[in-house]
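Residues per chain, in single letters:
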Amino acid sequence: MSAASTSLQTAQYFTVGAMAVAIYDYCLTIAAEVELVWGRRWTVIRVTFTFARYVPFIGVAMATYGKFARPRSCNTYNSVSYGK
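Note that the coordinates shown come from a computational prediction; the quantities given were computed from them, not determined experimentally. Numbering of residues begins from 1 in every chain and follows the order in which that chain's sequence is written. This being a predicted model, a pLDDT of at least 70 is required before a residue's local features are given, and a value of 80 or more before pairs of side-chain atoms are given or counted; all residues contribute to the totals for chains, interfaces and linings. In computing side-chain properties, one takes all heavy atoms of the structure into account and sets aside hydrogens as well as water.

Draft legend 1. Highlighting the overall build of the protein. Where helices and strands are cited, they refer to DSSP runs of H or I of at least four residues and of E of at least two residues respectively, numbered from the N terminus. Looking only at helices and strands, the protein features 3 helices and 0 strands. Going from the N terminus to the C terminus, the protein shows its helices and strands as α-α-α. Only protein chains enter the accessibility calculation, which uses a 1.4 Å probe; a residue is then buried when its area is under 20% of its type maximum, exposed when over 50%, and partly exposed in between. Each of the 84 residues in the protein was classed as buried or not, and the buried ones make up 10%.

Draft legend 2. Structural view of the packing of aromatic side chains. Only Phe, Tyr and Trp rings are paired, with Trp represented by its six-membered ring, and only when their centres lie within 6.5 Å; those with planes under 30 degrees apart are stacked, over 60 edge-to-face, the remainder tilted. What the rule picks out here adds up to 3 aromatic pairs. Between Tyr 26 and Phe 57 the ring centres are 5.6 Å apart and the planes differ by 90 degrees, which places this aromatic pair in the edge-to-face class. In this pair, Tyr 26 sits in helix α1 (residues 3-36) while Phe 57 sits in helix α2 (residues 44-68), placing the two residues 31 residues apart along the sequence. By the ring-pair criterion, three or more aromatic residues cluster together here, those being Tyr 26, Tyr 54 and Phe 57.

Draft legend 3. Looking closely at the pattern of salt bridges. Think of a salt bridge as a Lys or Arg side-chain nitrogen and an Asp or Glu carboxyl oxygen that are within 4 Å of each other. Under the definition given, this model contains 2 salt bridges. For Arg 53, the salt bridge goes to Asp 25, with nearest N and O atoms at 3.8 Å. Linking Arg 53 in helix α2 with Asp 25 in helix α1, this pair joins segments that are 28 residues apart in sequence. A relative accessible area of 12% means that Arg 53 is categorised as buried.

This is the structure we're talking about:
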């Protein structure tokens, strides 16, 4: 196995690990979130909390998809984007 493929595989493992930690943290803290945050009026603090709580899921999901999705060629991108 080459060094490049080993590095890619290690990066994929870390990406999956990050997603697992994010989901585990969410599962541990959802009960407290429901009790302390849900049902309250929207304030700057609640908006900040909600943003900080849920935006990382989007980033981790995109990183995971990027690591495991089949690569597309630049020609496909260019033909769709620029009509070439």
